Amino acid sequence: MKSNTKYLVVVVLLVVLVGVYYYANRGGKSSTVSTTENTSDDTTSIVGENASTENMSTENQGDLVDSADTTDAVGSLKASVASSADIASYNQAMSDAQKAFGKGDNKTAIRGYTNAIRYSNTDVAHAGLYVTYSSMQRWSDAFRELNKAIDLNPLNSDYWRWKMTLVSERVGQTYQAVKAVYEDSLKKVDPKTKVNVVTHFAGMAEKYGNKADAVGAWQLAIALLPEKTSVYQAEINSLMATQ
């Protein structure tokens, strides 16, 4: 249960807090992320029982919006040229989708996020589809939507962290594939929040038993956020003390 919740809790917060007010706060641009290291654990519960895939029905997956429907909706209208009516429709669709997901109604949530994309193709709407598909354990669909969110907003460090975890635990790819995602993220993520990606990868490298990569990542974290040197150095010392 905790493993499934891992993919959902932070992105749900992003969708709920940002989606409805997306244009009001950003004027049609992609959402931003925090400027300091995210120290909260991905498993921190903020959405209750509906965050767990154990509480999500997958019996009616065939009735859900087909993947092609979502794909066709993408790019139909760019955020930069959205009218005030489109903005209102986008916000309403996002609100409906979020409420539906909160009730465990994945079919309606997918339709809502897909409708939102028709009005404006935002990373937040694709993140909503990502979390909905993840709750249904439809990992290939979740992976596709997360990639679309990253394409639209590569600055967001959370998306990269989620992708590394998804590649590792659900898509079933190798450590080298995880490392490739990490290396790609370093070129594109917001420098202000790059440390979030670096420390996440450090933990994953350690999990895979790659001590050298883990130490290297912790050393980079020190360079990026020197005020936490003692914390990161302790991680290095712990690694070096193990055989």
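See above for the structure.
The following paragraphs examine the structure supplied in this document. (Residues numbered from 1 in each chain as written. Predicted model: local features only at pLDDT ≥ 70, side-chain atom pairs only at ≥ 80, totals over all residues. Heavy atoms only, no water.)

### A word on the overall build of the protein
Looking only at helices and strands, the protein has 13 helices and zero strands in total. Order of helices (α) and strands (β) in the protein, N terminus to C terminus: α-α-α-α-α-α-α-α-α-α-α-α-α. Expressed as a percentage of the 243 residues in the protein, the buried residues total 49%. In the protein, the share of contacts with a sequence separation of at least 24, taken over all contacts with a separation of at least 6, comes to 71%. (Helix = DSSP H or I, 4+ residues; strand = E, 2+ residues; numbered from the N terminus. Buried < 20%, exposed > 50% of the residue type's maximum accessible area, 1.4 Å probe, protein only. Contact = heavy atoms within 4.5 Å.)

### Here's the deal with the packing of helix α7 (residues 123-135) against helix α9 (residues 157-169)
Contact geometry of α7 with α9 gives a least axis separation of 13 Å together with a crossing angle of 30 degrees. Considered as vectors, α7 and α9 are oriented roughly parallel to each other. Considering how the two elements wind past one another, α7 and α9 form a crossing that is left-handed. Touching Asp-123, Val-124, Ala-127 and Tyr-130 of α7 are Tyr-159, Trp-162 and Leu-166, all from α9. Here the residues of the contact of α7 with α9 sort into six nonpolar, no polar and one charged. (Axes fitted to C-alpha atoms, helices over the stretch in contact; angles between N-to-C directions. Parallel < 35°, antiparallel > 145°, perpendicular 65-115°, else oblique. Left-handed = near helix turned anticlockwise from the far one by under 90°. Nonpolar A, V, L, I, M, F, W, Y, C, P; charged D, E, K, R; others polar.)

### Examining the pattern of salt bridges
Applying the stated criterion across every chain, the model contains eight salt bridges. Where Asp-141 meets Arg-138, a salt bridge forms, and the shortest distance between an N and an O atom there is 2.7 Å. Overall, the relative accessible area of 8% leaves Asp-141 in the buried class. Note that Asp-213 is salt-bridged to Lys-179, the shortest N-O span being 3.2 Å. Placement of Asp-213 in helix α12 (residues 211-224) and of Lys-179 in helix α10 (residues 175-188) is noted, with a sequence separation of 34 residues between them. A residue is classified by how much of its surface remains accessible, and Asp-213, at 18% relative accessible area, is buried. Connected via shared salt-bridge partners are Arg-138, Asp-141, Arg-144, Glu-145 and Lys-148. (Salt bridge = Lys/Arg side-chain N within 4 Å of Asp/Glu carboxyl O.)

### Let's talk about α10
With 14 residues, α10 should reach 20 Å at 1.5 Å per residue; the first-to-last C-alpha distance of 20 Å fits that figure. Against the buried residues of α10 lie α9, α11 (194-207) and α12. (Expected span 1.5 Å × (residues − 1).)

### Here we look at the packing of aromatic side chains
Applying the stated rule across the entire model yields six aromatic pairs. Where Tyr-175 meets Phe-201, the ring centres are 6.2 Å apart and the plane angle is 20 degrees; that geometry is what we call stacked. Placement of the pair is Tyr-175 in helix α10 and Phe-201 in helix α11, with a sequence separation of 26 residues. Owing to a relative accessible area of 2%, Phe-201 belongs among the buried residues under this scheme. Considering the side-chain rings of Tyr-175 and Tyr-208, the 5.1 Å spacing of their centres and the 50 degrees angle between planes classify their relative orientation as tilted. Highlighted residues: Tyr-175 in helix α10 and Tyr-208 in the loop between α11 and α12, separated in sequence by 33 residues. Residue Tyr-208 is classed as partly exposed on the basis of its relative accessible area of 33%. Through pairs of rings, three or more aromatic residues link up here, namely Tyr-175, Tyr-182, Phe-201 and Tyr-208. (Phe/Tyr/Trp six-rings, centres within 6.5 Å; stacked < 30°, edge-to-face > 60°.)

### Observations concerning unusual backbone geometry
Unusually for a residue other than glycine, Gln-137 sits at a positive phi of about 60 degrees. One can find Gln-137 in the loop between α7 and α8 (139-152). Overall, the relative accessible area of 40% leaves Gln-137 in the partly exposed class.

### As for the environment of Ala-223
Its place among the elements puts Ala-223 in helix α12. With relative accessibility at 60%, the residue Ala-223 sits in the exposed group. Through-space distance from the C-alpha of Ala-223 to that of Val-195 is 9.2 Å; in sequence the pair is 28 residues apart.

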